Amino acid sequence: MGACQTRAEHQYQDLADKTGFSFEQIKNLYQRFQQLSGNEETISRANLDSMPALANNPIRKQIIGAFFDKRNQHQDEVGSCDQIGFEQFLMVMSHFRPPNLRTTDEEKEAMRKEKLRFLFNMHDSDNDGTITLAEYRKVVEELMSKSGEIGQETAKAIADAAMLEVASINVPNMGPEEFYEGITFEHFEEILKGLEMESRMHIRFLDVDTSTMRCGKSQS
């Protein structure tokens, strides 16, 4: 029993070092993972898609997809997975941790960039490094679809106007014949420059409130 406990502690320490979660937070997230997976070793998109808390979320598809996007799992890989294990699940959840009082300015900036990259990846569905007009239209249409008052053509017009405004800001000297290929990550950072997201980007849809999961090393 002692050997098993030691292995578990080593595993938890490794996960804590990778994610910044404490042992207690990792245990709580593991319990939630077990609930979602039905006590299996992996979860699938279907496990998340069946959650009532996501049923009416207009960007449910993007949220679920983010968990299976290899770019969000702290790996040097691209593409998506059909299923993810607990460590991959934990890596994705770590994007939502807010900083604590001991977090340095340099660490806060790194966290902000990581959160922005996570959001960017949600919209850059083909992983070409650019959020194109087609990708942006799709998000706007899905967001507007829940209102029931705005049609598809109106949603497209809103997306086109927003993208045109972004183009005028990011490429102010663009000629009338030039084509704006889309929002790069650098443009995305500039657009959200004034938005404080280090502590605001958290989720409750997994019945886990990440706003209380402060960044920091684990305490054994």
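Here, residues in each chain are numbered from 1, in the same order as that chain's written sequence. Local features in this predicted model are restricted to residues whose pLDDT is 70 or higher, and side-chain atom pairs enter the listing and the counts only when it is 80 or higher, whereas totals over whole chains, interfaces and linings include all residues. The side-chain figures draw on all heavy atoms in the structure; neither hydrogens nor water molecules are used.

1. A few points about the nonpolar core
Residues belong to one nonpolar core when they are buried, are Ala, Val, Leu, Ile, Met, Phe, Trp, Tyr or Cys, and are joined through side-chain atoms within 4.5 Å. Residue burial is assigned from relative accessible area. The probe radius is 1.4 Å, only protein chains are included, and a residue is buried under 20% of its type maximum, exposed over 50%, and partly exposed in between. Of all hydrophobic cores here, the largest spans 28 residues; its most connected members are Ile26, Leu48, Phe67, Phe86 and Phe89. Elements with a contribution of two residues or more to this core: α1 (2–19), α2 (23–37), α4 (60–67), α5 (86–93) and α6 (105–123). By size, the runner-up hydrophobic cluster in this structure holds 9 residues, among which are Ile131, Met163, Phe188 and Leu192. To qualify as a helix, a DSSP run of H or I must reach at least 4 residues; to qualify as a strand, a run of E must reach at least 2; elements of each kind are numbered from the N terminus.

2. Observations regarding the packing of aromatic side chains
Two rings belonging to Phe, Tyr or Trp (six-membered ring only in the last case) form a pair when the distance between their centres is within 6.5 Å. Interplanar angles under 30 degrees mark stacking, angles over 60 mark edge-to-face geometry, and anything in between is tilted. For the structure shown, the criterion picks out 9 aromatic pairs. Members of the aromatic cluster, connected to one another through ring pairs, are Tyr30, Phe33, Phe67, Phe86 and Phe89. If you follow arginine 117 out to its NZ or CZ, it ends over the ring of phenylalanine 185, 3.7 Å from the centre. A ring has a charge above it when a Lys NZ or an Arg CZ is no more than 6 Å from the ring centre and no more than 35 degrees off the ring normal.

3. Description of the side chain of asparagine 72
Structurally, asparagine 72 is set in the loop between α4 and β2 (83–85). Judged by relative accessible area, which is 1%, asparagine 72 ranks as buried. Counted as a polar contact is a pair of N or O atoms within 3.5 Å, where, for protein atoms, one must be capable of donating a hydrogen and the other of accepting one, and residues adjacent in sequence contribute only when both atoms are in side chains. There is a polar contact of 3.0 Å between the side chain of asparagine 72 and the backbone oxygen of alanine 66.

4. A closer look at α4
Buried residues dominate α4, accounting for 6 of its 8 residues. What α4 keeps buried is the set Gln62, Ile63, Ile64, Gly65, Ala66 and Phe67.

5. Some words on α6
Each α-helix turn comprises 3.6 residues. Residues three or four places apart therefore point the same way. Residue count minus one, scaled by 1.5 Å, sets the expected span of a helix. Spanning 19 residues, α6 covers 28 Å between terminal C-alpha atoms, matching the ideal 27 Å at 1.5 Å per step. When we look at burial in α6, the residues that qualify are Met111, Arg112, Lys115, Leu116, Phe118, Phe120, Asn121, Met122 and His123.

6. A word on the confidence of the model for the protein chain
The predicted model of the protein chain has a mean per-residue pLDDT of 78, with 75% of residues at 70 or higher. Across the protein chain, element-level confidence peaks in strand β1 (residues 42–44) with a mean pLDDT of 96 and bottoms out in helix α8 (residues 152–170) with 73. Per residue, pLDDT captures the predictor's confidence, and it can take any value from 0 to 100. Should any heavy atoms of two residues lie within 4.5 Å, those residues are counted as being in contact. Across residues 213–220 the pLDDT falls below 50, and counting only partners more than four positions away or on other chains, this stretch makes 30 contacts in the model.

7. Some details on unusual backbone geometry
Even without being a glycine, asparagine 39 presents a positive backbone phi close to 65°. For asparagine 39, the position within the fold is in the loop between α2 and β1. Phi at asparagine 127 takes a positive value of approximately 55°, unusual for a residue other than glycine. Counting through the fold element by element, asparagine 127 comes out in the loop between α6 and β3 (130–131).

8. Details of the pattern of salt bridges
By definition, a salt bridge exists where a carboxyl oxygen of Asp or Glu is found within 4 Å of a side-chain nitrogen of Lys or Arg. Summed over all chains, the structure comprises 7 salt bridges. Here lysine 70 makes a salt bridge to glutamate 77, at a shortest N to O gap of 3.4 Å. A relative accessible area of 36% places glutamate 77 in the partly exposed class. One salt bridge connects arginine 71 with aspartate 124, and the closest N-O pair in it is separated by 3.6 Å.

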